[in-house]
Amino acid sequence: PTHNSANKIQESIANCDQSSELVTTFPTDLSLYSSIFVCLGIYSSNHELSVAEGQQLANYLTAGGRLYMEGGDTWYYDDPTPVHAMFNIDGTADGTSDLGTIQGQPNSLGQGMTFTYSGENGYIDHIVALSPAVLMFNNVTPSYGVAVQYNAGTYKTIGTSFEFGGLVNGASPSVRDSIMARMMGFFG
């Protein structure tokens, strides 16, 4: 609802010489898109996926889709939908307002990156990767997972409990355009 990430995502996609379309409702035919980025927001400015929306996204993944989904409450607090299990993410806690510095994890898309976070920061879900998914970013203090990447073979996902738009650009490679380029490469 606050649109903190969508414009930053679209800007980074453009800076990677790719095109995108920004919509605020679910399109009827998701198969038109090679990748989908869903921004659910952070409490209290968030959207909870309905079962029908989750099923649409699950069908998209089953057909070989690529899906990035961010939301501070979607992984633990909100009721799961059919798409949630397809991320291989376990939400372990509802969290608080203590997201500060996030650090890329070894052997992940975030490796070698560290970002200060300045986005909305209420009830940030703590998440862990269920193997063979990989933890991508971890909050430094206190320590908990905030991003997971998963290559299911037939589809790929990235799930975060922070907003992409809240990442503060630092020294290279810790810039939004660099992590977007890595995510787009992962998505193919």
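Residues numbered from 1 in each chain as written. Predicted model: local features only at pLDDT ≥ 70, side-chain atom pairs only at ≥ 80, totals over all residues. Heavy atoms only, no water.

1. Regarding helix H3 (residues 176-187)
Stage number 1. In this model H3 runs 16 Å from its N-terminal to its C-terminal C-alpha over 12 residues, within 8% of the 16 Å that 1.5 Å per residue would give.
Stage number 2. Buried within H3 we find Arg 176, Ile 179, Met 180, Met 183, Met 184, Phe 186 and Phe 187. End-on view of H3: buried residues confined to an arc of 155°, all on one side of the axis.
Stage number 3. Immediately downstream of H3, the backbone of Gly 188 shows phi near 85°, a positive value. (Helix = DSSP H or I, 4+ residues; strand = E, 2+ residues; numbered from the N terminus. Expected span 1.5 Å × (residues − 1). Buried < 20%, exposed > 50% of the residue type's maximum accessible area, 1.4 Å probe, protein only. Arc of directions from axis to C-beta.)

2. Some thoughts on the environment of Ala 147
Stage number 1. Within the fold, Ala 147 resides in strand S10 (residues 144-151).
Stage number 2. For the pair Ala 147 and Asn 88, spaced 59 residues apart in the sequence, the C-alpha separation amounts to 11 Å.
Stage number 3. When sequence neighbours within four positions are dropped, the list of residues in contact with Ala 147 reads Ile 127, Val 134, Leu 135, Met 136, Phe 137, Gly 159, Thr 160 and Phe 162. (Contact = heavy atoms within 4.5 Å.)

3. So, the packing of helix H1 (residues 6-15) against H3
Stage number 1. Following both chains from N to C, one finds H1 and H3 inclined at 75°, their axes separated by 9 Å at the closest point. The angle between H1 and H3 falls in the class roughly perpendicular. Mapping the contact onto sequence places Lys 8, Ile 9, Glu 11, Ser 12, Ile 13 and Asn 15 in H1 and Arg 176, Asp 177, Met 180 and Met 184 in H3.
Stage number 2. Residue composition of the contact of H1 with H3, grouped by class: 4 nonpolar, 2 polar and 4 charged. (Axes fitted to C-alpha atoms, helices over the stretch in contact; angles between N-to-C directions. Parallel < 35°, antiparallel > 145°, perpendicular 65-115°, else oblique. Nonpolar A, V, L, I, M, F, W, Y, C, P; charged D, E, K, R; others polar.)

4. Topic: the packing of aromatic side chains
Stage number 1. Within this structure, the stated rule accounts for 9 aromatic pairs.
Stage number 2. Ring geometry for Tyr 43 versus Tyr 123: centroids 5.4 Å apart, planes at 85°, classification edge-to-face. Note that Tyr 43 is positioned in the loop between strand S2 (41-42) and strand S3 (45-46) and Tyr 123 in the loop between strand S7 (114-117) and strand S8 (126-129), a separation of 80 residues in sequence.
Stage number 3. Of the residues examined, Tyr 43 reaches a relative accessible area of 45% and is grouped as partly exposed.
Stage number 4. Classification of Tyr 123 as partly exposed rests on a relative accessible area of 41%.
Stage number 5. These aromatic residues form a ring-pair network of at least three members: Phe 37, Tyr 68, Phe 186 and Phe 187. (Phe/Tyr/Trp six-rings, centres within 6.5 Å; stacked < 30°, edge-to-face > 60°.)

5. Quick word on the nonpolar core
Stage number 1. One finds Phe 137, Phe 162, Ile 179 and Met 183 to be the most contacted residues of the largest nonpolar core, which totals 26 residues.
Stage number 2. The set of elements that each furnish at least two residues to this core consists of H1, S7, strand S9 (134-139), S10 and H3.
Stage number 3. By residue number, the principal contributor to this core is H3, which donates 6 residues.
Stage number 4. The residues touching Phe 137, leaving out its near neighbours within four places in the chain, are Ile 102, Gln 103, Gly 104, Gln 105, Gly 110, Met 113, Phe 115, Gly 145, Val 146, Ala 147, Phe 162 and Ile 179. (Core = buried A, V, L, I, M, F, W, Y, C linked by side-chain atoms within 4.5 Å.)

6. Some points on the sheet that holds S10
Stage number 1. Judged by pairing direction, the sheet is mixed, and its 8 strands sit side by side in the order S1-S4-S11-S10-S9-S6-S7-S12 without closing on themselves. Two strands in the sheet have a free side with no partner beyond their single neighbour: strand S1 (36-39) and strand S12 (167-168).
Stage number 2. By the bridge criterion, 4 bridges tie S1 to strand S4 (residues 66-70) in an arrangement that is parallel. Considered in S4, the bridge of Cys 39 is made with Glu 70.
Stage number 3. Sheet contacts for H1: S1 and S4; angle to S1, the most-contacted strand, approximately 155°.
Stage number 4. Contacting S1, S4 and strand S11 (156-160), helix H2 (residues 51-62) crosses the sheet at an angle of about 145° to S4. (Pairing = 2+ DSSP bridges.)

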